Amino acid sequence: MYFLNRKKMKDIVDDLYLSGVLFGIENRSYKIGTVVIKNLEIYDKKLAHPIAIMQVKKKYEKLMKILPDLLISDDDSGESIRHALNEIERFRQIIKNKYREYLKEKDLKLMSSQLKVLQREAKAKYLEIQNSYSYASFKGSSK
């Protein structure tokens, strides 16, 4: 268990900017014993790794639930494929900016390889849809 000595931490926090993993839901209070805690942030990488993995896996599983539906969709305009590509890029940016220093390279490579396959497939489908539209418009204008 960790305790915060406010007198010592105040001097340290004034001099440094610390970044950590936000544990739990932002602006939600947690009650531990008789103490109410808001916005609990963990700065130690060893302690933050399991929490970061848990949070990333939840986001990854949520993404993997919606991606196949978006990629299989019979949308002729390519809107669902664009949405899938945007979601993949959004997830990559979240990992890059928020969780990279708390995750191990093995975890990052596993998720990255699976996302690259889906992203490549989505780009190919989107390009196919764009080519079919341009071919249809070219064929229609030549008549």
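The structure displayed is predicted, hence computed values, not measured ones.

1. Let's talk about the nonpolar core
And step 1. Ranked by internal contacts, the top residues of the largest apolar core, which has 25 residues, are Val56, Leu67, Phe91, Leu103 and Leu115.
And step 2. Elements supplying a minimum of two residues to this core: helix H2 (45-72), helix H3 (79-99) and helix H4 (105-142).
And step 3. If you tally residues by element for this core, the top one is H2, at 10 residues.
And step 4. Residues contacting Leu67, with those up to four places away along its chain left out, are Ala84, Ile88, Leu115 and Leu118.

2. Regarding the confidence of the model for the chain
And step 1. In this model, the chain carries an average pLDDT of 77, and 76% of its residues clear a pLDDT of 70 or more.
And step 2. Within the chain, helix H1 (residues 6-15) has the poorest average pLDDT of any element, 49, and H3 the best, 88.

3. Quick look at the environment of Gln130
And step 1. One can find Gln130 in helix H4.
And step 2. Residues Gln130 and Asp76, 54 residues apart in the sequence, show an inter-C-alpha distance of 9.7 Å.

4. Thoughts on the pattern of salt bridges
And step 1. For the coordinates displayed, the defined rule picks out 5 salt bridges.
And step 2. Put simply, Arg90 and Glu87 hold a salt bridge, and the shortest N to O gap is 2.9 Å. Taken as a pair, Arg90 and Glu87 lie in helix H3 at a separation of 3 residues, close to a single helical turn.
And step 3. With relative accessibility at 17%, the residue Glu87 sits in the buried group.
And step 4. Residue Arg92 is joined to Glu89 by a salt bridge in which the shortest nitrogen-to-oxygen separation is 2.8 Å. Taken together, the residues Arg92 and Glu89, both in helix H3 and 3 residues apart, mark about one turn of the helix.
And step 5. Glu89 gets classed as partly exposed once you look at its relative accessible area, which sits at 30%.

5. Remarks on the packing of aromatic side chains
And step 1. Scanning the model with the defined rule gives 1 aromatic pair in all.
And step 2. The interplanar angle of 45° and the centroid separation of 5.8 Å between the aromatic rings of Tyr60 and Phe91 together place this pair among those described as tilted. Residue Tyr60 is found in helix H2, and its partner Phe91 is found in helix H3; the two are separated by 31 residues along the sequence.

6. Quick word on the packing of H2 against H3
And step 1. In contact at an axis separation of 9 Å, H2 and H3 are set at 170° when each is read in the N-to-C sense. The pairing of H2 with H3 is recorded here as roughly antiparallel in orientation. Of H3, the residues touching H2 (which contributes Ala52, Gln55, Val56, Lys59, Tyr60, Leu63, Ile66, Leu67, Leu70 and Leu71) are Ser80, Ile81, His83, Ala84, Glu87, Ile88, Phe91, Ile95 and Tyr99.

7. Quick word on the environment of Ile53
And step 1. Mapped onto the secondary structure, Ile53 falls in helix H2.
And step 2. Expressed as a C-alpha distance, the spacing of Ile53 and Leu103, which sit 50 residues apart in the sequence, is 6.7 Å.
And step 3. Residues contacting Ile53, with those up to four places away along its chain left out, are Leu103 and Asp107.

Parameters and conventions
- Note that residues are indexed from 1 along each chain, following the sequence as it is written.
- Owing to the predicted nature of the model, reporting of local features is limited to residues with pLDDT of at least 70; listing and counting of side-chain atom pairs is limited to 80 or more, with chain, interface and lining totals taken over all residues.
- Note that the side-chain values use all heavy atoms of the structure and ignore hydrogens as well as water.
- In plain words, nonpolar cores are sets of buried Ala, Val, Leu, Ile, Met, Phe, Trp, Tyr and Cys residues tied together by side-chain atoms within 4.5 Å.
- Only protein chains enter the calculation, and the probe is 1.4 Å; a residue is then buried if its accessible area is under 20% of its type maximum, exposed if over 50%, and partly exposed in between.
- The numbering of helices and of strands both runs from the N terminus, where a helix is a DSSP run of H or I of at least 4 residues and a strand a run of E of at least 2.
- Contact criterion: two residues are considered in contact whenever any of their non-hydrogen atoms come within 4.5 Å of each other.
- Predictor confidence is given residue by residue as pLDDT, running from a minimum of 0 to a maximum of 100.
- Just to be clear on terms, a salt bridge is a Lys or Arg side-chain nitrogen sitting within 4 Å of an Asp or Glu carboxyl oxygen.
- Two aromatic rings, drawn from Phe, Tyr or Trp (for Trp, its six-membered ring), form a pair once their centres lie within 6.5 Å of each other, and the interplanar angle then sorts them: stacked below 30 degrees, edge-to-face above 60, tilted otherwise.
- Axes here mean lines fitted to C-alpha atoms, for a helix over just the part in contact, with angles spanning 0 to 180 degrees between N-to-C directions.
- In these notes the angle categories are as follows: under 35 degrees is roughly parallel, over 145 is roughly antiparallel, 65 to 115 is roughly perpendicular, and the rest is oblique.

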